[in-house]
Amino acid sequence: MNTPPQRSVGRGVSTLIPQNATDQAVAALTGLETVPVHVGLLQAAALLLEDAARGTEDEARKAVMIRTVEMLRSSM
């Protein structure tokens, strides 16, 4: 029986996280950059998250989804 080789979970994650103060600052500023987004995209995302929140039993997940919906609606 041929089994695929095991890969370590999280391998390479450290390359995604800025390792020094300069790179962290650049990442933070990039996150604040204003970009145009069609309001229809925000509306669709809010509706999909609301629907997903109704379908989950996980209260923590539901709270995060509802908070995200509130944030999306306030940005419209």
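Scroll up for the structure.
Here the structure is a predicted model, which is why all the values come from computation and not from measurement.

**Section: helix 3 (residues 59-75)**
Thought 1: The terminal C-alpha atoms of helix 3, which comprises 17 residues, lie 24 Å apart, in line with the 24 Å expected from a rise of 1.5 Å per residue.
Thought 2: Every buried residue of helix 3 is accounted for by Met65, Val69 and Leu72. For helix 3, the angular spread of the buried residues around the axis is 65 degrees, confining them to a single face. For helix 3, the exposed residues lying more than 90 degrees away from the buried face are Glu59, Ala60, Val64 and Ser74.
Thought 3: At the N-terminal end of helix 3, a side-chain oxygen is found 3.1 Å from the backbone nitrogen of Ala60, two or three residues along, and the residue is Asp58.

**Some thoughts on the environment of Met71**
Thought 1: Here Met71 is to be found in helix 3.
Thought 2: Put simply, Met71 and Ala46 are 25 residues apart on the chain and 9.0 Å apart in space, counted from C-alpha to C-alpha.

Cut-offs used in this document
Residues numbered from 1 in each chain as written. Predicted model: local features only at pLDDT ≥ 70, side-chain atom pairs only at ≥ 80, totals over all residues. Heavy atoms only, no water. Helix = DSSP H or I, 4+ residues; strand = E, 2+ residues; numbered from the N terminus. Expected span 1.5 Å × (residues − 1). Buried < 20%, exposed > 50% of the residue type's maximum accessible area, 1.4 Å probe, protein only. Arc of directions from axis to C-beta. Polar contact = N/O pair within 3.5 Å; in protein donor to acceptor, adjacent residues only side chain to side chain.

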